[in-house]
Number of protein chains: 2
Amino acid sequence: MNIILLSGGSGKRLWPLSNEIRSKQFIKIFKTENGYESMVQRVFRQIRKVDRGAKVTVATSKTQVSALHNQLGGNVGISVEPCRRDTFPAIALASAYLHDIQGVSGEEAVVVCPVDPYVEDDYFAALNRLGELARSGEANLALMGIQPTYPSEKYGYIIPVDQEEISRVDTFKEKPDEDTARAYIARGALWNGGVFAYRLNYLLDKAHELIDFTDYEDLYAKYDTLEKISFDYAVVEKESSIQVMRFAGEWKDLGTWNTLTEAMEDSSIGEAVMNDSCENVHVINELDVPVLCMGLKDVVVSASSEGILVSDKEQSSYIKPYVDRIHQQVMFADKSWGSFQVVDIEEESMTVKVTLNPGHSMNYHSHERRDEVWTVISGEGRTIVDGMEQPVKAGDVVTMEAGCRHTIIADTELKVIEVQLGREISVHDKHKYELER
Amino acid sequence: MNIILLSGGSGKRLWPLSNEIRSKQFIKIFKTENGYESMVQRVFRQIRKVDRGAKVTVATSKTQVSALHNQLGGNVGISVEPCRRDTFPAIALASAYLHDIQGVSGEEAVVVCPVDPYVEDDYFAALNRLGELARSGEANLALMGIQPTYPSEKYGYIIPVDQEEISRVDTFKEKPDEDTARAYIARGALWNGGVFAYRLNYLLDKAHELIDFTDYEDLYAKYDTLEKISFDYAVVEKESSIQVMRFAGEWKDLGTWNTLTEAMEDSSIGEAVMNDSCENVHVINELDVPVLCMGLKDVVVSASSEGILVSDKEQSSYIKPYVDRIHQQVMFADKSWGSFQVVDIEEESMTVKVTLNPGHSMNYHSHERRDEVWTVISGEGRTIVDGMEQPVKAGDVVTMEAGCRHTIIADTELKVIEVQLGREISVHDKHKYELER
């Protein structure tokens, strides 16, 4: 199976655990034998379990590449969108990537799937069958239709011509009201889970029809000139040869705190104490200090270094406009090389804890407008400052004036307290250099 | 007026804003024209407003001396209890302090009052009259009785012989059930607010009767040998000559989050956002990151570097056993010289932001089991390291190995990031030295 996972943008609806640089699919919230895994880790593990040879490609933006490598390791293809251009250009780019870079034949089927459904393994077995259906060529597109469990107003509906397991599609309906949804369901309608499969050539032909490009490299180079257009609008709505396959297994859309907490095995992650009078309360606490809940009902509490949410579960779906109003320094980020955590902000200084994974290093870089001081608090490694390499270990201090080129290389896991000093501290004040070695 | 304010111990019931070293009376929660003031600041200001010449002595433990000086300045007497020995020894010590150290005549009256009632100025005017009553010598003790506003089960009651403004006391009753309280009130009973006045000689005579000591110095020296005994038990219950003065003004006991939030002028202190569906919600947020509340009713949220409380207001009065279970590093403290804030804890390091007030310094000290690195992030001052003094400013770095004697002196407000490095970091690993200058 060739599968493209669409990994979308910043999920403010799960603030404060998601932010501009950490999307909801990277939050480690699902309990496993060895700790917790994120949505993307869970989906990746499930795909591999159902089909060990599955070729997984994640279509995403530059900002997620570090987190993806960090959480999935190297054994995954990543089709990086140079900028956001909606789903049709993203799928066209990922398809060209599969064909031109990964060498997938045009006759092979590709399944496109969002990265964040909360499902069991049977879902991925169904994706496999959907791919086979697409490959058979009975129709140009094969969609997965989720058997509705209630007349939801928040999903799109696929209306098939009959109630067979595999049917031709009659029409699509966008988010109806409850009564209309009930009528659709009576006719055998299915939720549109955003999953579809096609033969690679089909999609590449569509892409060449709509975009003037030669190959993957060319498409990548002109990506920022492409029109923003959804796959539904550009392809699905204009296609008459579409099949839908029913899926009646478990399927949850964990887009809000309310639905997300339903998928949690325990009522809390992180340090939390609840008294007996708490009912249906969930706590996700990423801070080092405890959360104490007393006498709450139907409430979610989420605390991270970005902020603290305390919300009635139903109300939590209305979070977005409130988070939009909160403009804030990004306080924590997972990177491919490790992570950083802002621990103190003053007017003319910022203090950050930097953790480097063994064998990793920062870019070799300099700042124009700030001095920096590193105090190594654990581990061993090497610093390179203006070309000079020196070993460092816990207790060592390195000072760098503005303009000075520097990096740090971790031989073991290495933790550093970095004090940044200056009047205009900004993430944009960074010049990168090639390291001559 | 001579007034002794009893400043009690750690108020866990207002966790996470109060902790082992910060009691509730020091939390800055009451809005004034120039920011916020604490209970102790509010009471001190009110006393001075009613009686500019009032001689105020705070009876407290060593742990509060820094916070008291920090919040009240130097113009206050502090009678320091070397250890906790309940109210009778504390009042005896403070009385000896007034007589022997402050030179107050034995004929003068002294009013003893808890440091944390939430009251208006008329209360302190009443305290002044209570002092005059005690001085007149009509009785040995003069108590203040609070006019009950409801049949509370949580206060002690004073039963006077009649319903005059000033009466002899018939008897005392401890926390009755509601029906009994109602019956008491019908007989003119009053709440015991823990306020009483006496002529200084009366109390000193009692103290000499019960304790073998010569003067303040002697009492202080043998304080740890004294029996723990309350003033009520040692004095009030055995005294037949007691008057009570009615007080019908506003009086609130802000001992729980529920009652405390009632006294807040605004619904939040610190960064907080609430949506329209929140009802009777209060947020006290000392962190640098925002708290977002949605769809909550009758809830208090309090966040500090010690932890986060989210509680139904009624339930918040049952907090103590839960907080007792939370054993935790003290993360923040106000000191006479400034403040400290733990910003990061690792296995073999701890990072602290130290803020020194202008003109102040740390003790000259050393550690046996940890190295330290200071990075000055703002301000100017001087460091003394193993006897050598050097000027420091923002960006300067000072490294100190274990055993090395060191201090820092602030010429302006001075902020320092201190990285502590070692396997056994403890507040007890500190040797103080006299600074030879």
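Residues numbered from 1 in each chain as written. Chains lettered and ligands numbered in written order. Predicted model: local features only at pLDDT ≥ 70, side-chain atom pairs only at ≥ 80, totals over all residues. Heavy atoms only, no water.

Q: Just give me the short version of the overall build of chain A, but keep the residues and values in it.
A: A count of helices and strands for chain A gives 10 helices and 30 strands. The principal-axis extent of the C-alpha atoms belonging to chain A is close to 70 × 65 × 40 Å. Long-range contacts, defined here as pairs at least 24 residues apart, represent 66% of the contacts in chain A between residues at least 6 apart. Summing over all exposed atoms, chain A offers an accessible surface of approximately 18,800 Å²; the carbon and sulfur share of this is 43%. Between the centroid of the 46 positive side chains of chain A and the centroid of its 70 negative side chains there is a distance of 1 Å. (Helix = DSSP H or I, 4+ residues; strand = E, 2+ residues; numbered from the N terminus. Contact = heavy atoms within 4.5 Å. Areas by Shrake-Rupley, 256 points an atom, 1.4 Å probe, with all protein chains shown as cover. Lys, Arg positive; Asp, Glu negative; His and termini not counted. Charge placed at Lys NZ, Arg CZ, Asp CG, Glu CD.)

Q: Please set out the pattern of salt bridges residue by residue, giving values where relevant.
A: Oppositely charged side chains can form a pair if their charged atoms are brought close together. Going through the model one piece at a time under the given rule, you end up with 46 salt bridges over all chains. We note a salt bridge from A:Glu372 to A:Arg370, for which the minimum N-O separation is 2.8 Å. An identical accessibility class is assigned to A:Glu372 and A:Arg370; each is buried. Between B:Arg42 and B:Glu120 there is a salt bridge, with the nearest N and O atoms lying 3.6 Å from each other. Of this pair, B:Arg42 sits in helix 1 (residues 39–50) while B:Glu120 sits in the loop between strand 7 (117–119) and helix 4 (121–136), placing them 78 residues apart in sequence. (Salt bridge = Lys/Arg side-chain N within 4 Å of Asp/Glu carboxyl O. Buried < 20%, exposed > 50% of the residue type's maximum accessible area, 1.4 Å probe, protein only.)

Q: Go over the packing of helix 1 of chain B against helix 2 (residues 65–72) of chain B with me, naming the residues and quoting the values.
A: Residues and elements named next belong to chain B. Where helix 1 meets helix 2, the closest approach of the two axes is 10 Å, and the angle between their N-to-C directions is 50°. In this view, helix 1 runs oblique relative to helix 2, as classed from their interaxial angle. With respect to the hand of their crossing, helix 1 and helix 2 are arranged in right-handed fashion. Contact with helix 1, carried on its side by Val40, Gln41 and Phe44, involves Leu68, Gln71 and Leu72 of helix 2 and no other residues of that element. Class assignment of the residues belonging to the contact of helix 1 with helix 2 gives a composition of 4 nonpolar, 2 polar and no charged. (Axes fitted to C-alpha atoms, helices over the stretch in contact; angles between N-to-C directions. Parallel < 35°, antiparallel > 145°, perpendicular 65-115°, else oblique. Left-handed = near helix turned anticlockwise from the far one by under 90°. Nonpolar A, V, L, I, M, F, W, Y, C, P; charged D, E, K, R; others polar.)

Q: Before we move on, can you summarise the confidence of the model for chain A with the specific residues and values?
A: Confidence in the prediction of chain A, expressed as mean pLDDT, is 91, and 98% of residues score 70 or more. Here the predicted complex carries an ipTM of 0.77, next to a pTM of 0.77. (pLDDT = per-residue confidence, 0-100.)

Q: Break down the interface of chain B and chain A for me, with residues and values.
A: Listed per partner, the contact involves 51 residues of chain B and 50 residues of chain A. Between chain B and chain A, roughly 4,000 Å² of surface is buried when both sides are summed, and carbon and sulfur atoms account for 69% of that area. Taken as a group, B:Leu292, B:Met294 and B:Ile308 account for 17% of the area that chain B buries against chain A, more than any other trio of residues on that side. One can count 6 salt bridges joining chain B with chain A. Where A:Glu346 meets B:Lys415, a salt bridge forms, and the shortest distance between an N and an O atom there is 2.9 Å. Viewed at the interface, chain A and chain B are joined by 20 residue pairs in polar contact (both at pLDDT 80 or more). Where strand 17 (residues 291–294) of chain A and strand 19 (residues 307–312) of chain B come together, 4 bridges link them in parallel fashion. In the strand pairing of strand 19 of chain B, A:Leu292 is matched with B:Leu309. (Buried area = accessible area lost by both parts, 1.4 Å probe. Polar contact = N/O pair within 3.5 Å; in protein donor to acceptor, adjacent residues only side chain to side chain. Pairing = 2+ DSSP bridges.)

Q: Tell me about helix 2 (residues 65–72) of chain A, and name the residues and values.
A: Residues and elements named next belong to chain A. Along helix 2, the residues that are buried comprise Val65, Ala67, Leu68, Gln71 and Leu72. One face of helix 2 carries all of its buried residues, which in axial projection span an arc of 160°. Just downstream of helix 2, Gly73 is the residue with a positive phi angle, here 80°. (Arc of directions from axis to C-beta.)

Q: Hey, could you go over the sheet that holds strand 19 (residues 307–312) of chain A for me, with residue numbers and the actual values?
A: Spatially, 6 strands are ordered 14(A)-16(A)-18(A)-19(A)-17(B)-15(B) in an open sheet, and the strand pairing comes out mixed. At either end of the open sheet lies a strand with only one pairing partner, and these are strand 14 (268–269) of chain A together with strand 15 (272–274) of chain B. Relative to strand 16 (residues 279–285) of chain A, strand 14 of chain A runs parallel, the two being bridged by 2 bridges. The partner of A:Ser268 across the bridge, within strand 16 of chain A, is A:Val283.

Q: Can you break down the relation of the copies chain B and chain A residue by residue, with the values?
A: Under the fitted operation, chain B is carried onto chain A by 0.1 Å of movement along the axis and a turn of 180°, and the coordinates agree to an RMSD of 0.1 Å. Such a turn and shift between the copies fits a two-fold axis. For chain B, the residue whose C-alpha comes nearest the rotation axis is B:Val343, separated from it by 2.7 Å. Both copies share a contact surface, since 98% of the interface residues of chain B are interface residues in chain A too. (Least-squares fit on C-alpha atoms with pLDDT ≥ 70 in both.)

Q: Can you tell me about the packing of aromatic side chains, naming the residues and giving the values?
A: A complete count under the given rule lists 26 aromatic pairs over all chains for this structure. Both rings, one in A:Tyr123 and one in A:Phe124, keep their centres 5.1 Å apart while their planes meet at 85°; by these two values the pair is edge-to-face. For A:Phe124, a relative accessible area of 0% translates into the label buried. Centre to centre, the rings of A:Trp191 and A:Trp251 are 5.9 Å apart; their planes meet at 50°, and the pair counts as tilted. Note that A:Trp191 is positioned in strand 11 (residues 190–199) and A:Trp251 in strand 13 (residues 251–253), a separation of 60 residues in sequence. Taking relative accessible area as the criterion, A:Trp251 reaches 13% and is therefore assigned buried. Counting every residue linked through ring pairs, the aromatic cluster contains A:Tyr150, A:Tyr155, A:Trp191 and A:Trp251. Positioned above the aromatic ring of A:Phe30, the side-chain terminus of A:Arg42 is 5.7 Å from the ring centre. Its guanidinium or amino end placed over the ring of B:Tyr433, B:Arg405 lies 3.7 Å from that ring's centre, counting from NZ or CZ. (Phe/Tyr/Trp six-rings, centres within 6.5 Å; stacked < 30°, edge-to-face > 60°. Lys NZ or Arg CZ within 6 Å of the ring centre and 35° of its normal.)

Q: Explain the nonpolar core to me, and be specific about the residues and the numbers.
A: One finds A:Leu5, A:Tyr123, A:Leu127 and A:Met144 to be the most contacted residues of the largest nonpolar core, which totals 44 residues. With 7 residues, helix 4 (residues 121–136) of chain A is the largest single contributor of residues to this core. Counting residues in each nonpolar core, the second largest holds 43 residues, with B:Val40, B:Leu72, B:Tyr157 and B:Trp191 among its members. (Core = buried A, V, L, I, M, F, W, Y, C linked by side-chain atoms within 4.5 Å.)

Q: Describe helix 3 (residues 87–101) of chain B, naming the residues involved and giving the relevant values.
A: Here helix 3 of chain B contains 15 residues, and its C-alpha end-to-end distance of 20 Å stays within 8% of the 21 Å for a straight helix at 1.5 Å per residue. B:Gly103 sits one or two residues past helix 3 of chain B and shows a positive phi near 75°. (Expected span 1.5 Å × (residues − 1).)

Q: Could you give me a rundown of the side chain of B:Lys206, with the residues and numbers involved?
A: Inspection of the secondary structure puts B:Lys206 in helix 6 (residues 200–210). Residue contacts for B:Lys206: discarding those within four places in its chain leaves B:Phe88 and B:Glu239.

Q: Lay out unusual backbone geometry with the relevant residues and their values.
A: Residues and elements named next belong to chain A. Of note, the bond from Trp15 into Pro16 is cis; its omega dihedral lies within 30 degrees of zero at 5°. Backbone geometry at Asp386 places phi at a positive 50°, although glycine is not the residue there. Residue position: Asp386 is located in the loop between strand 25 (380–385) and strand 26 (388–393).

Q: Any chance you could break down the sheet that holds strand 19 of chain B for me, citing the residues and the numbers?
A: Reading across the sheet, the 6 strands line up as 15(A)-17(A)-19(B)-18(B)-16(B)-14(B) and stay open at both edges, with mixed pairing between neighbours. The strands lining the two open edges of the sheet, one partner per strand, are strand 15 (272–274) of chain A together with strand 14 (268–269) of chain B. Pairing of strand 16 (residues 279–285) of chain B with strand 18 (residues 297–304) of chain B, which is carried by 6 bridges, proceeds in the parallel orientation. From the neighbouring strand, B:Glu279 faces strand 18 of chain B, where its bridge partner is B:Lys297.

Q: Which residues make up the environment of A:Ala402, and what values do they have?
A: All names here are of chain A. Tracing the backbone shows Ala402 in the loop between strand 27 (397–400) and strand 28 (406–410). Ala402 sits in the partly exposed class, given a relative accessible area of 33%. When the C-alpha atoms of Ala402 and Glu368 are compared, they prove to be 5.3 Å apart, with 34 residues separating the residues in sequence. Among all residues touching Ala402, those that are not within four sequence positions of it are His367, Glu368, Arg369, Arg370 and Asp371.

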